[in-house]
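Structural characterization, general
Residue strings, one per chain:
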Amino acid sequence: MEIVMAFVIGIMVAGSVYLLLSRNLLRVLFGVILLSNAVNLVILTVGGLTLGLPPLIGPEAKVLEAPYSNPLPQALILTAIVIGFGLLSFALVLVYRGYQELGTLDSDRMRVAEPCDPAEMPAPVGEPAKTREAA
Amino acid sequence: MSAWLVVSPILVPLATAALCALAWGRVPLQRIISLAGSVTLFVCGALLLAHVGANGITAAQMSDWPAPFGITLVADHLAAVMVLIAAVMAVAVAIYAFGDIAPERERFGFHPVFQTLMVGVCGSFITGDLFNLYVWFEVMLISSFMLLALGGTREQIDGAIKYAALNLIATASFLMAVALLYGLTGTLNMADLALRLREVEQTGVVTTVAVLFIIAFGMKAAVFPLFFWLPASYHTPAIPVQAIFAGLLTKVGVYALLRTFTLIFVGDTAWTHGLMLWIAGLTMLAGVLGSLAVTDLRRAFSWQVVAHIGYMIMGLALYTPLAIAGAVFYLVHDIVVKTNLFLGAGLARRLTGHDDLRSMGGLFKATPLLAVVMFVPLASLAGFPPLSGFWSKLVLLQASLEKEAYVIAAVSLIVGLLTMWLVGRIWAELFWKAHPVADPQGTAAIAPGTRFALVAPLVLLSAMTVAIGLFAEPVMQVAAAAATELMDPAPYIEAVLGKGEPPPTAVVGLEPAEVRP
C-alpha cells in the first residue's frame, strides 16, 4: 500500500513541477494546487495506512483501544486543507485580477514592478484568451 | 499567571485585530485601537522579557494538555526579544500610518489585517510546536498577501502575484518537511523532536529533511538563490506595509532557521551548517550587488534586506556561542534599521516627489534635521562605529575569525564596503545633490499633525539605533543569554517536557497495528 502511495505522490509532484515551470500563471496555480494535495497524501502516508479502523472510542470504553488508525495525520490534513483552500482561492482571484490589470497571464511579460527595456521584453507566447479567439 | 504572559503576544494583537474589524466603518477609531494595541503588545513584550530574564525559559501548555500531546508555547530569551522588538516596529508603523496611508486602503481594512500580521509574527516567535509554527506562518502569509494587494495598483498586483506564487511553494515544502519529520519521529513538539531525532538511525533521511527545512525557511527568509520574490514585490505596497514587511517578515524565516537548526537539526552540522555558510556568503553578495544595480531607492533597500539576511545566516552557520549571539544582535539591529529606512524612503518620496534617485535630491538643504535623523540608519546599515550595525558586524567577524572561517569573514567585509558605497551614493544623490527640477519642500510644508506622525517614528527608531550602539553591552548580554540557551537545548527541553525521564511515546504510535479483516 505504501509503495502505491509513494508512486501516486511521486507522479503528482512530477506533474506539479511540470506545471510550475510553465510561464502561464494559471498553470502555475494548478501546479501549486496539485503540490499541496500531494503533500496532504504524504502526511496521510507517513502517519501509517490502515484499512477500516476508525479511531472511535467504543460505547462502554473510556479510552481508545488498539488497533485503530492514527487520527493525528487526519487532523493535520484537515488543517492543511482549510488553510490551503483559503490561500489558493485568494491566489486564484489574484491571478484573475492580474489578468484584468496587466492584460496577460505570461509571467515573463509581467514587468510592471521591475521594469525592463521594452526591446528585451519577450514576445507574447501562449496567451490563452487570444488563442481561443483564434480557434 | 506566567502562562497568560506567554500567550499575551498572540492574544493582544488578535484582540486588537478583532476590535479594529468591529470598528469597520470608523477609520479614525481603528487607528487609535491599532496604536493602543501595539503599545499594549510592547508592554507585554517587555514584561515577558523581564519574566524570562528572572525565571528562565517559560513554557505554557495550552488547555493543560501535557507537552508532547498538546500545543506548547515557549518563551526563551530569543523569543521574548523578538516579540519585544516586533512590538516596537508595530508601534512605529502604527504611528506612521496616522500620516501616510491612502484613505481607500484604510477603508478596506489596513488596520485589522496589519494586526493579524502581528498575530502571525508573534505566534511564530513563541510557539514550541512545528505544526503550530506552520499555522502561524500561514496566518502571516495570508495577511501579507492582503496587505501587499491592498490598493490594487498594477505594480502591486504584479508584485503580489510573484510573492504569492513563490511563498505558496515554500509553504508546501515546509508542510512536506513537517510530514516527513513526523513520519520519522511520531511527534511535532520541538523539544520532543530534539530528543527523538537523536535516536533515529537513518541519519541520511534526517539530513534530507533538514535540507528541505533550509529550503522552506530559506525561501521565507529570502536567501540565495530563493530571494527573487522579495525585490519583485517589497517596494510596491503602501509605505507602512513596506516598512513592516522589510522589518519583520524575512526575519521570521531567520528566526525559524535559528530555532530549528540549534534545537532539532544538530546531528550533522558539518553538512547542514556548512551548506548555510555558502548560502550566507552568496546571499550577502547577491543582495549588495543587486542594490548597487538599481536606481530606485525603495528597490535598493529591498535588495539590502536580502544582503543583510546573509549576515544572520552566517552567524547561525558558524554555530559557536559567540556567532549565535552575533546573529541575535544582528536580528535586533537589522529589524530596527530596515523599518526605519523604508519609512524614511517614504518620507523622502513625499518631499521630493519621486522614488528614483536620479530624480530626487536637495533634501539636506530643505530639511537638515531630517537628514541627520536619516543618516543614522544609513550609517548603521554600512556599519559605521559606534552605531548598532558596527557592533553586530564586529561580533560576527570576531566569531568567524575564531572559527578560522576566513573566506566568509572576507566576504562580510567586502559586502560591508560595498554597502558603504551604496550609502555614500544615496547620501550624495538624495541629500547633497540639488533637486533636478525644483527645490523640494521641507517637512514644514506638511500639516503639523501629519508631520508629527511621519517624523516621530523615524526619530524613535534612529534613537534606538544610536542607543543600541552606545549601550551595546546590555543588548549583547541578552543576545549572549539567548545564544547560551540555543547552544545548550537541555533547559529548553526540560522547560517544555518537565524534569526527569522523557515522556513515553505518544499514544498514537508510529507503527499502527496491522490488522486485516
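Residues numbered from 1 in each chain as written. Chains lettered and ligands numbered in written order. Predicted model: local features only at pLDDT ≥ 70, side-chain atom pairs only at ≥ 80, totals over all residues. Heavy atoms only, no water.

Turning our eyes to something else, we now look at the overall build of chain B. Of the regular secondary structure elements, chain B holds 21 helices and 2 strands. Its C-alpha atoms give chain B a radius of gyration of 22 Å, near enough to 24 Å, the size a compact globule of 517 residues would have. Each principal axis of the C-alpha atoms in chain B carries an extent, and together these give about 80 × 55 × 45 Å. Of all 517 residues assigned to chain B, the portion counted as buried reaches 65%. Expressed as a percentage of contacts within chain B between residues at least 6 apart in sequence, the contacts between residues at least 24 apart total 81%. Accessible surface computed for chain B: about 17700 Å², of which carbon and sulfur atoms make up 70%. Measuring between centres, the 25 positive side-chain charges of chain B sit 13 Å from its 28 negative side-chain charges. (Helix = DSSP H or I, 4+ residues; strand = E, 2+ residues; numbered from the N terminus. Rg over C-alpha atoms; globule rule 2.2 N^0.38 Å. Buried < 20%, exposed > 50% of the residue type's maximum accessible area, 1.4 Å probe, protein only. Contact = heavy atoms within 4.5 Å. Areas by Shrake-Rupley, 256 points an atom, 1.4 Å probe, with all protein chains shown as cover. Lys, Arg positive; Asp, Glu negative; His and termini not counted. Charge placed at Lys NZ, Arg CZ, Asp CG, Glu CD.)

Here we take up the overall build of chain A. Summing up its helical and strand segments, chain A has 4 helices and 0 strands in all. Overall, chain A shows an N-to-C arrangement of helices and strands of α-α-α-α. Per-residue burial over chain A gives 36% buried out of 135 residues. Of all intrachain contacts in chain A linking residues separated by at least 6 positions in sequence, the fraction that spans at least 24 positions is 51%.

Our next topic: the packing of helix 11 (residues 239-263) of chain B against helix 13 (residues 297-318) of chain B. A packed helix pair is summarised by two numbers, namely the angle formed by the two axes and the spacing between the axes. Residues and elements named next belong to chain B. Their axes nearest at 11 Å, the elements helix 11 and helix 13 cross at an angle of 15°. Here helix 11 lies roughly parallel to helix 13, going by the angle between them. Every pair of crossing elements has a handedness; the one defined by helix 11 and helix 13 is right-handed. Between helix 11 and helix 13, the residues in contact are Gln242, Ala246, Thr250, Lys251, Val254, Leu257, Leu258, Phe261 and Thr262 and Arg298, Val305, Ile309, Met312, Ile313 and Leu316, respectively. (Axes fitted to C-alpha atoms, helices over the stretch in contact; angles between N-to-C directions. Parallel < 35°, antiparallel > 145°, perpendicular 65-115°, else oblique. Left-handed = near helix turned anticlockwise from the far one by under 90°.)

Further remarks concern the confidence of the model for chain A. Residues and elements named next belong to chain A. In the predicted model, chain A carries a mean pLDDT of 83, and 87% of its residues have values of at least 70. Per-residue pLDDT, averaged within each element of chain A, yields its smallest value for helix 4 (residues 128-134) (46) and its largest for helix 1 (residues 2-20) (94). Here residues 127-135 is modelled with pLDDT under 50, and outside its nearest four sequence neighbours on either side it reaches 6 contacts, counting other chains as well. (pLDDT = per-residue confidence, 0-100.)

Take the nonpolar core next. In summary, soluble globular proteins display a tendency toward joint burial of nonpolar side chains. Counting 224 residues, the largest nonpolar core has Phe213 and Phe265 of chain B as the members making the most contacts within it. Setting aside its immediate chain neighbours within four residues, Phe265 of chain B contacts Leu181, Leu197, Val206, Val209, Ala210, Phe213, Thr260, Thr272 and His273 of chain B. (Core = buried A, V, L, I, M, F, W, Y, C linked by side-chain atoms within 4.5 Å.)

Before going further, it helps to spend a moment on the pairing of strand 1 (residues 58-61) of chain B. All names here are of chain B. Side chains Thr58 and Ala60 project from strand 1 onto a buried face, and the interleaved Ala59 and Gln61 project onto a face without burial. Relative to strand 2 (residues 72-75), strand 1 is paired through 4 bridges, and the arrangement is antiparallel. For Ala60, the partnering residue across the bridge sits in strand 2 and is Leu73. (Pairing = 2+ DSSP bridges.)

What follows deals with the pattern of salt bridges. Residue and element names in this part refer to chain B. This structure, assessed with the given rule, holds 15 salt bridges over all chains. Across the salt bridge formed by Arg259 and Asp76, the nearest N and O atoms sit 2.8 Å from each other. In this pair, Arg259 is assigned in helix 11 and Asp76 in the loop between strand 2 and helix 3 (77-99), connecting sequence segments 183 residues apart. Look at Arg259 and you get buried, because its relative accessible area is 4%. The salt bridge partner of Arg298 is Asp355, with a shortest N-O separation of 3.3 Å. (Salt bridge = Lys/Arg side-chain N within 4 Å of Asp/Glu carboxyl O.)

All right, on to a nonpolar patch on the surface then. All names here are of chain B. A grouping of Val39, Phe42, Val43 and Leu47 is seen on the molecular surface, where their side chains present a nonpolar patch of about 310 Å² in accessible area. With respect to the secondary-structure elements, Val39 resides in helix 2 (residues 27-55). Val39 gets classed as partly exposed once you look at its relative accessible area, which sits at 37%. (Patch = residues over 30% accessible without salt bridge, like charges linked within 9 Å, V, L, I, M, F, W, Y side chains within 5 Å.)

On to the confidence of the model for chain B, then. When pLDDT is averaged along chain B, the result is 89, and 97% of the positions lie at 70 or above. Predicted as a complex, the structure gets a pTM of 0.91 and an ipTM equal to 0.86.

What follows concerns the state of the cysteines. As used here, a disulfide is simply a covalent bond connecting the sulfur atoms of two cysteines. In total, this model carries 0 disulfides over all chains according to the counting rule given. You can see Cys44 of chain B has no disulfide; the closest cysteine sulfur is in Cys122 of chain B, sitting 9.7 Å from it. (Disulfide = S-S within 2.5 Å.)

Now for the interface of chain A and chain B. Listed by partner, the interface residues are 42 residues for chain A and 42 residues for chain B. Both faces combined, the contact of chain A with chain B buries some 3600 Å², and carbon together with sulfur accounts for 76% of it. The interface formed by chain A and chain B contains 0 salt bridges. In this assembly, chain A and chain B are joined by 5 residue pairs in polar contact (both at pLDDT 80 or more). Residue assignment for the side of chain A that touches chain B shows that the elements contributing at least two residues are helix 1, helix 2 (25-46) and helix 3 (71-102) of chain A. With 18 residues, the single largest contributor to the side of chain A that touches chain B is helix 3 of chain A. Tallied by class, the residues present in the side of chain A that touches chain B amount to 30 nonpolar, 8 polar and 4 charged. (Buried area = accessible area lost by both parts, 1.4 Å probe. Polar contact = N/O pair within 3.5 Å; in protein donor to acceptor, adjacent residues only side chain to side chain. Nonpolar A, V, L, I, M, F, W, Y, C, P; charged D, E, K, R; others polar.)

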